[in-house]
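A look at the structure
Single-letter residue listing:
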Amino acid sequence: MRKPLAIVLVLAMVLSFAACSGKKAQTSSSADTNTASGSAQGTQPAGKVTLDNIKIGFVHISDPSDKGYTYNHDLGTKKMQKNLNLRDDQIVNKYNIKEDDSCESALRELAEQGCNIIFATSFGFEDYVLAVAAEYPNIQFCHATGFQAASSGLKNVHNYFGKIYQARYLSGIAAGLKTKTNKLGYVSAQPFAECISGFDSFYLGALSVNPKVTMDVIYTNSWNNPTAESQAAQALIDRGCDVLGQHCDSTATQTTAESKGIWGVGYNSDMIAAAPKAVLTSAVWDWSVYLTYAVKSVVNGETIPADWSQGLAEGVVDVSALNEATVAGGTADAIKKARDKILGGWDVFTGPLYDNNGTEVVKSGETYEDPGSAPKFDKVLKGITVVSQ
Amino acid sequence: MDKLINLLYAAVLAGTPLLFGTLGEILTEKSGNLNLGVEGMMFMGGVAGLAGAFYYEKFVTAPSGALAVLIAVICAFFSGAFGALIYSFLTVTMRANQNVTGLALTIFGAGFGNFFGEVMANTTASGYAGVGNKIKDAFLGISIPGLSSIPFFGKLLFNYNILVYLGVIIAAAMAYLLNKTRAGLNLRAVGENPATADAAGINVTLFKYIATCVGGGICGIGGMYVVMVTCSGIWVHNCINGMGWIAVALVIFATWNPSRALLGSLVFGGLSILRLYLPLGIPMQIYGTLPYAATVVVLVATSIRQSREHRIPQSCGYNYFREER
């Protein structure tokens, strides 16, 4: 008698979990967006795509709780929605999708729900984007930070990114002027060119105003892992760094800096609210520029380029308002001077630059430029120490 | 010297959530219940602890940090205990398989945590569930005038957040309870041989229920630590991220002994952050395997020594059928 009952109860528990997770999946796509109600569910609309019937899908690696990358990309989505006057049910967000085949299912679900254009926002999504895009030639797929669109031969896959290194250079100036120990720290996600070029430009910015500055870098090997990020930040502080930059999704680096009474420079979104006593400024993205452009292109039937990248001049990247309570005197002037220089045509990776083995990587008078939208500069520059690979 | 102090300090912080999970599981296993749902109970405790502090802040005009900590601890404890209650009901009363029930609890707890984390996030304008700076600060390291500024020892002993001390107190209390009190003796008897304990007049069912539920509650506090301290009071999707499983391994490492759990969690915490402090030039994936390699070594060592004191409670994993004595 008891055994059957026990089995039934265990089953009930498992099923209630399934119900829970089912509900969860629904909230993650519908709570913000209310998708499922729908005209064009399941099929591509036969008629012309207009602003009134276009449907836009997003695949994100985490959710707005990171207060950084995804949060900020979401702000871009909201701004784009406002720009184009779209309804909530025209935008479908998929949050917390891992960089594995769950990304493929998420993309397929969006395609089957009738999305006309789908944005995948994490680096590791690219292979799945290419696989799914080949099956849905009428749907446009835009992948942030990737590099394979142009070489894939698929007309409906597009990469987008921006010259974030310009904003990082400016934010590095704030760090270089603030540091007292002349030692910056940098919590970086992955040992890829995107991250390496990011901390290089941050360091070059600091170096431009403080010739004595050096920098230590620690990788967390994950885009969004607050535990590892705060531990890495702590380790950098213990190594004597007193201003921390970051290239990871959450605000853990900044909150750790604040709790230890030192300073930091945020990334992605304006992180002053997360750590008001620590953050000097943040290197920020405005993704709405590209999102608006891409959605408009679909409506107007125009081709989206395979590689899209814009920078400071177009307002895609910038530094957030300086935190007057924390920045060193003269920061605003120094940043303005550098900004004018960049807007005047100068760029960050201008030689002579040496890597940390002393080899010249960019010759004097030359300027390195990325071939596509994705950053490709992967030399760790002189003055930077990578702490354990 | 400074380097060593920094490493130890960071190891304590990294090891504390593991300490809670380990202590909870030791208490549970001492009663003969092998509850593999530590991960799930940590998720449940984590989300409930955050919810307690989050709604307290929402409904009170001037929230007090200390009260928020207390509310978070209580909510986390009862939420974890609730998960353990489901487990106890299924295994003790209904005699369901302990392994299967524990695994189901892990999956259920993860879904429970992420679901309610998102529910809370959806009620806010910002799109994430987090507490304000005042409550966040209450979970930061304390500073005792005079004591905290003693060189070396000040930082090593008197500079942690309040939950670290709570963990140590629980460990000491458990060591006392298990080894020095009548109730502890009875509990150990239940875990070693419930039939004998039953014959001696000990209420086996009651002991199993209480030990498992209190153990689950302690695990829940560990989950709350991850959310409130490590993630600065914000619900991060999947934030427990396997810590519950490390705690299960750590129980073996600690040989079911609460005082050794202190040492074990310090070692595991230290190993998890070692690469940040001691760069040896080896790939970081190898550093990541160190805690597990250590567990294997301890398993091998303890099974060679065959010490009776350090063995798993004999009935652990098996349900007690009074009728089948």
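Residues numbered from 1 in each chain as written. Chains lettered and ligands numbered in written order. Predicted model: local features only at pLDDT ≥ 70, side-chain atom pairs only at ≥ 80, totals over all residues. Heavy atoms only, no water.

Time to look at unusual backbone geometry. Omega for the peptide link from Gly351(A) to Pro352(A) comes to 0°, which places this bond in the cis form. Here Thr145(A), not a glycine, exhibits a phi torsion of approximately 70°, which is positive. The topology assignment puts Thr145(A) in the loop between strand 4 (140–144) and helix 5 (149–152). If you check the backbone angles, Thr255(B) has positive phi at about 45° while not being a glycine. By secondary structure assignment, the location of Thr255(B) is in the loop between helix 11 (243–253) and helix 12 (258–277). Owing to a relative accessible area of 3%, Thr255(B) belongs among the buried residues under this scheme. (Helix = DSSP H or I, 4+ residues; strand = E, 2+ residues; numbered from the N terminus. Buried < 20%, exposed > 50% of the residue type's maximum accessible area, 1.4 Å probe, protein only.)

A word on the sheet that holds strand 7 (residues 214–219) of chain A. The strands making up a sheet associate through backbone hydrogen bonding, with each pair oriented either parallel or antiparallel. All names here are of chain A. Spatially, 12-10-9-8-6-7-15 is the arrangement adopted by the seven strands of the open sheet, whose pairing is mixed. Looking at the sheet topology across the chains shown, the edges are occupied by strand 12 (317–319) and strand 15 (384–386). The mean inter-strand angle of the sheet, taken between neighbouring strand axes irrespective of direction, is 20°. In this structure, strand 8 (residues 243–247) lies alongside strand 9 (residues 263–268), joined through two bridges in parallel fashion. Following the sheet pairing, Val243 is matched in strand 9 by Trp263. Against the sheet, helix 8 (residues 226–238) touches strand 6 (183–188), strand 7 and strand 8, its axis set at about 165° to strand 6. (Pairing = 2+ DSSP bridges. Axes fitted to C-alpha atoms, helices over the stretch in contact; angles between N-to-C directions. Contact = heavy atoms within 4.5 Å.)

As a further point, take the pairing of strand 3 (residues 117–120) of chain A. Residue and element names in this part refer to chain A. Neither face of strand 3 is left uncovered, since the one carrying Ile117 and Phe119 and the one carrying Ile118 and Ala120 both have all their residues buried. In this sheet, strand 3 lies alongside strand 1 (residues 56–59) in parallel orientation, the contact comprising four bridges. When the bridges of strand 3 are listed, Gly57 appears paired with Ile118. With helix 4 (residues 126–135) bridging strand 3 and its parallel neighbour strand 4, the resulting β-α-β unit is right-handed. (Right-handed = clockwise from strand over helix to strand, strands pointing away.)

Residue and element names in this part refer to chain A. Read across the open sheet, the six strands follow the order 2-1-3-4-5-11; overall the sheet is parallel. Looking along the sheet, the strands with just one partner apiece sit at the ends: strand 2 (91–94) and strand 11 (307–310). Strand after strand, the sheet turns through a mean of 20° between neighbouring axes, direction not considered. Bridge count between strand 1 and strand 2: four bridges; the pairing is parallel. Considered in strand 2, the bridge of Phe58 is made with Asn93. Across the sheet, helix 2 (residues 69–84) touches strand 1, strand 2, strand 4 and strand 5 (157–162), and the angle it forms with strand 1 is around 170°.

This part takes up the interface of chain B and chain A. The interface is formed by 44 residues belonging to chain B together with 43 residues belonging to chain A. The junction of chain B with chain A conceals about 4,000 Å² of combined surface from both sides, 62% of it contributed by carbon and sulfur atoms. Our enumeration of links across chain B and chain A arrives at zero salt bridges. Across the chain B-chain A interface, the total number found is seven residue pairs in polar contact (both at pLDDT 80 or more). (Buried area = accessible area lost by both parts, 1.4 Å probe. Salt bridge = Lys/Arg side-chain N within 4 Å of Asp/Glu carboxyl O. Polar contact = N/O pair within 3.5 Å; in protein donor to acceptor, adjacent residues only side chain to side chain.)

All names here are of chain A. Scanning the entire structure with this criterion turns up 33 aromatic pairs over all chains. Ring plane angle 55° and centroid distance 5.4 Å describe the contact between Tyr169 and Trp346, whose orientation is recorded as tilted. Of the two residues, Tyr169 is situated in helix 6 (residues 164–178) and Trp346 in the loop between helix 11 (331–343) and strand 13 (353–354); the sequence distance between them amounts to 177 residues. Under the relative-accessibility criterion, Trp346 is labelled partly exposed at 25%. Taken together, the ring pairs connect Phe58, Tyr69, Phe119, Tyr160, Phe161, Trp285, Trp287, Tyr290, Tyr293 and Trp308 into an aromatic cluster. For Lys178, the ring lying beneath its charged end belongs to Trp263, and the centroid distance is 4.4 Å. Sitting above the plane of the Tyr354 ring, Lys382 keeps its charged end 5.4 Å from the centroid. (Phe/Tyr/Trp six-rings, centres within 6.5 Å; stacked < 30°, edge-to-face > 60°. Lys NZ or Arg CZ within 6 Å of the ring centre and 35° of its normal.)

Residue and element names in this part refer to chain A. The assigned domain composition of chain A is domain 1 (49–162 + 287–312) and domain 2 (164–284 + 317–386). Of note, the centres of domain 1 and domain 2, computed from C-alpha atoms alone, are 28 Å apart. Contacts between the two partners involve 23 residues from domain 1 and, on the opposite side, 24 residues from domain 2. Taking both partners together, domain 1 and domain 2 bury about 1,800 Å²; carbon and sulfur atoms supply 61% of that area. Applying the counting criterion to the domain 1 and domain 2 interface returns zero salt bridges. Of all the secondary structure elements, the ones that give two or more residues to the side of domain 1 that touches domain 2 are helix 2, strand 5 and strand 11. Broken down by element, the residue count for the side of domain 1 that touches domain 2 peaks at four residues, all from strand 5. Here the residues of the side of domain 1 that touches domain 2 are counted per class, giving nine nonpolar, 10 polar and four charged. (Domains from an automatic or database assignment. Nonpolar A, V, L, I, M, F, W, Y, C, P; charged D, E, K, R; others polar.)

Attention shifts here to the environment of Phe377(A). Residue and element names in this part refer to chain A. Mapped onto the secondary structure, Phe377 falls in the loop between strand 14 (360–362) and strand 15. Given the relative accessible area of 4%, Phe377 is considered buried. Separated by 31 residues in the primary sequence, Phe377 and Trp346 have C-alpha atoms spaced 17 Å apart. If sequence neighbours within four positions are ignored, Phe377 has contacts with Ala193, Ile196, Ser197, Asp200, Phe349, Leu353, Val361, Val362, Tyr368 and Asp370.

Let us now look at a nonpolar patch on the surface. Residue and element names in this part refer to chain B. Together, Met1, Leu4, Leu8, Ile144, Leu147, Ile150, Phe152, Phe153 and Leu157 line one region of the surface with nonpolar side chains, adding up to about 800 Å² of accessible area. Breaking the nonpolar patch down by element, the ones donating at least two residues are helix 1 (2–30) and helix 6 (153–158). Here Met1 is to be found in the segment before helix 1. Accessibility expressed as a relative area gives 60% for Met1, which makes it exposed. (Patch = residues over 30% accessible without salt bridge, like charges linked within 9 Å, V, L, I, M, F, W, Y side chains within 5 Å. Areas by Shrake-Rupley, 256 points an atom, 1.4 Å probe, with all protein chains shown as cover.)

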